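# Close look at the chain arrangement
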Amino acid sequence: NFTVKELLEKGKELNLQEVTVQGWVRSFRSNRFIAINDGSTIKNIQIVVDFEKLDAKILKKISTAASLKVKGEVVESQGAGQEIEIIAKEIEILGEANPDELQSTILQPKQHSLEKLREQAHLRFRTNTFSAIMRVRNSLMFGIHKYFNENGFVYINTPIITGSDAEGAGEMFSVTNFDLEKELPRTEEGKVDFSQDFFGKQTNLTVSGQLEGEVAAMGLGKIYTFGPTFRAENSNTARHLAEFWMIEPEMAFYNLDMNMDLAEDMLKYVIRYALDNCADDMQFLAERFDKEQTQKPQNERSELSLMERLDYVLNNKFVRLSYTEAIEILQKSKQNQKKKFQYPIEGWGTDLQSEHERYLVEKHFKTPVILFDYPAEIKAFYMRMNEDGKTVRAMDILFPGIGEIIGGSQREERLDVLDEKIEKFGIEKEELWWYRDTRKFGTVPHSGFGLGLERLVLFVTGMGNIRDVIPFPRTPKNAEF
Ligand code: ATP
Ligand code: MG
Ligand code: MG
Ligand code: MG
């Protein structure tokens, strides 16, 4: 018993041996050649039907999408593009596929749009494009675990149900076990009385494991989390999901420079890892990307092919630029002066929108950029205040075609400064007593960042919409599957 991948890898080594392989029919040509795929690789194995040995009644039932178990002999292939094929001696149909019903599905062999695939997300695992993306996604995840484990990080899990809002962005899904059909208990002021709820307080799905991760790093040194993250993003963009997977390393004794070095090194490692381990899938996706570019209007085309873009990222140091320098570049840009930005840059202090980030990366530098030292007002409370009293040690890593892929910072380790910030941001100090404790007992400089897995998968696969790189996307009004 072999998977298709194993068969093709062994190739001629298996010549004249009898093997069993199972999979789904991708195509059935001339009543003689069946291409089957089992999801282990982008490639199919060709089954050649031997009419004398096989029952005609069975052959009639074979159609695209049916599942088969095939026993046969491996022979060298006469056709181009494949080393071996199997002369079938026995074919068992595990599951037929009704040809009439098949018509309206994406299993019907022809080019389907990505939108169409999304509507049948449960079936798209059988398509070349989506299965290739899933295997690359798997490789990236594995590479991430490998990188951190090889570099002395401890993988920890932070709670999915939390009592804190680390980002303060108000994009939370609440968690309750109140019976919402019944009248909710109220306090004297008329607010919902969460003291009677399951946890005795208001709780939410996590928007980031950072605060808990910091606390863990203040004892374990270097940790990372890799878990589901939930944000009630109220906009429908190609870069935001309501449920995504975030990698959050947190390191004691790291300053912002060390944080940037780590992030850049990790990104390069995992991209290389996926390229090495998913060569066939990447070749398929690269061809797909390059073909797609030729169909776009000239000014929207990527200047580089997918492989060139990945090579470029792997072989060049990311540009490091302060927020202040970035604002100067943006303000002077023709784009800004001709009022081509939807949000014109007004001056120092404005938050950058993705159009600005993409201008810097795609038009100005044409390379990944790490922006650092942002105005304190536009960043979260926990970031380390710089000596200028205006900026914080934040960093965002911006990628071509993506925009922000990583957001991170050195954290504020000084209790007095932290308390000032907590007050300024209107956060209840008592709620963060556990977080503040680490600053009371042996505080140290420390840093960390958050990487959105799906943004990384988007970049590596060259896809344009984040819904196409996660098995079951969660977006506004979409929780079908
Ligand atoms: P953006 O500016 O794109 O909304 P953010 O600044 O709100 O991102 P952070 O809080 O910095 O995001 O989170 C860290 C990383 O998590 C981001 O750099 C990005 O890669 C990823 N990320 C954030 N929000 C989402 C989302 N809704 N869907 C997918 N990935 C996300
Ligand atoms: Mg956001
Ligand atoms: Mg951002
Ligand atoms: Mg961010």
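The shown structure was predicted, so the numbers you read here are calculated from the model rather than taken from an experiment. (Residues numbered from 1 in each chain as written. Chains lettered and ligands numbered in written order. Predicted model: local features only at pLDDT ≥ 70, side-chain atom pairs only at ≥ 80, totals over all residues.)

### Overview of the overall build of the chain
When helices and strands are tallied, the chain shows 15 helices and 16 strands. Over its C-alpha atoms, taken along the principal directions, the chain stretches across nearly 85 × 60 × 45 Å. Every one of the 481 residues in the chain was classed for burial, and the buried ones make up 35%. Taking the contacts inside the chain whose residues are at least 6 apart along the sequence as the reference set, 69% of them involve residues at least 24 apart. (Helix = DSSP H or I, 4+ residues; strand = E, 2+ residues; numbered from the N terminus. Buried ≥ 20, exposed ≤ 12 C-beta atoms within 10 Å, placed from the backbone. Contact = placed C-beta atoms within 7 Å.)

### Some words on the packing of helix α7 (residues 256-277) against helix α9 (residues 306-315)
Each pair of packed helices can be described by the angle between their axes along with the distance between the axes. Two numbers describe how α7 lies on α9: the axes approach to 9 Å, and their chain directions differ by 140°. Accordingly, the angle class assigned to the pair α7 and α9 is oblique. Judged by the sense of rotation from one axis to the other, the crossing of α7 with α9 is left-handed. Mapping the contact onto sequence places K268, I271, R272 and L275 in α7 and L310, V313 and L314 in α9. By residue class, the composition of the contact of α7 with α9 is five nonpolar, no polar and two charged. (Axes fitted to C-alpha atoms, helices over the stretch in contact; angles between N-to-C directions. Parallel < 35°, antiparallel > 145°, perpendicular 65-115°, else oblique. Left-handed = near helix turned anticlockwise from the far one by under 90°. Nonpolar A, V, L, I, M, F, W, Y, C, P; charged D, E, K, R; others polar.)

### Details of the site of ligand 1
Neighbouring ligand 1 are 17 residues, the closest being H240, F244, G407, G450 and G452. Where the shell around ligand 1 is concerned, the elements lending two or more residues are β11 (243-252), β15 (403-411), β16 (446-452) and α15 (453-461). Here the shell around ligand 1 gets four residues from one element, more than from any other, and that element is β15. (Near = placed C-beta within 6 Å.)

### What about the sheet that holds strand β7 (residues 161-162)?
The sheet built from three strands is open, its strands ordered β7-β9-β8 with antiparallel pairing. The sheet is open, and its two edges are formed by β7 and β8 (174-175), each paired on a single side. Of the pairings in the sheet, the one linking β8 to strand β9 (residues 203-205) comprises two bridges and is antiparallel in character. Of the residues in β9, the one forming a bridge with V175 is T203. (Pairing = 2+ DSSP bridges.)

### Details of the nonpolar core
One finds V136, I397 and V457 to be the most contacted residues of the largest nonpolar core, which totals 79 residues. Considering every element that reaches this core, the biggest residue donor is α7, with nine residues. Contacts of V136, omitting those with residues within four sequence positions, involve A274, C278, D281, M282, V457, V460 and T461. Grouped together as the second largest cluster of nonpolar side chains are 22 residues, I34, A65, A66 and L68 included. (Core = buried A, V, L, I, M, F, W, Y, C linked by C-beta atoms within 7 Å.)

### Brief notes about the pairing of strand β4 (residues 67-76)
Bridge analysis of strand β1 (residues 18-29) against β4 gives seven bridges, and the strand direction is antiparallel. Bridge pairing in β4 places V21 opposite V70. As judged from the 10 bridges shared by β4 and strand β5 (residues 84-95), these two strands associate in the antiparallel manner. The partner of L68 across the bridge, within β5, is I93.

### Details of the packing of helix α6 (residues 210-220) against helix α14 (residues 433-440)
At a minimum axis separation of 10 Å, α6 and α14 run at an interaxial angle of 30°. Taken together, the axis directions place α6 and α14 in an arrangement best described as roughly parallel. For the pair α6 and α14, the sense of crossing is left-handed. On α14, the residues that touch L211, V215 and M218 of α6 are W434, Y435 and T438. Here the residues of the contact of α6 with α14 are counted per class, giving five nonpolar, one polar and no charged.

### Here we look at the sheet that holds β1
Taken in spatial order, the five strands line up as β1-β2-β3-β5-β4 and close into a barrel, and their pairing is mixed. Averaged over all neighbouring strand pairs, the angle between strand axes comes to 55°, with direction disregarded. Bridge analysis of strand β3 (residues 45-49) against β5 gives three bridges, and the strand direction is parallel. What sits directly across from I47, in β5, is I86.

### Quick word on the environment of D419
Tracing the backbone through its elements, the reader meets D419 in helix α13 (residues 415-424). With 17 residues separating them along the chain, D419 and R436 place their C-alpha atoms 8.3 Å apart.

### Some remarks on the pairing of β11
Extensive coverage of β11 is indicated by the burial of eight of its 10 residues. Sheet topology note: the strand β10 (residues 222-230)/β11 ladder contains nine bridges and is antiparallel. Bridge pairing in β11 links Y224 to P249. Judged from the five bridges that link them, β11 and β16 form a sheet pairing that is antiparallel.

### Quick notes on the domain arrangement of the chain
On domain assignment, one finds that the chain holds domain 1 (4-104) and domain 2 (130-157 + 253-468). On a C-alpha basis, the centroid separation for the pair domain 1 and domain 2 is 45 Å. Taken together, the contact pairs four residues of domain 1 with five residues of domain 2. Class assignment of the residues belonging to the side of domain 1 that touches domain 2 gives a composition of one nonpolar, two polar and one charged. (Domains from an automatic or database assignment.)

### Considering unusual backbone geometry
In this structure, N31 is a non-glycine residue whose phi angle is positive, near 55°. Relative to the elements of secondary structure, N31 occurs in the loop between β1 and β2 (33-37). Using a count of 12 C-beta atoms within 10 Å as the deciding quantity, one classes N31 as exposed. Of note in this structure, K366 is not a glycine but carries a positive phi near 55°.

### Some words on the confidence of the model for the chain
Model confidence for the chain is summarised by a mean pLDDT of 94, while 99% of its residues fall at 70 or above. Reported confidence for the predicted complex is 0.99 by ipTM and 0.96 by pTM. (pLDDT = per-residue confidence, 0-100.)

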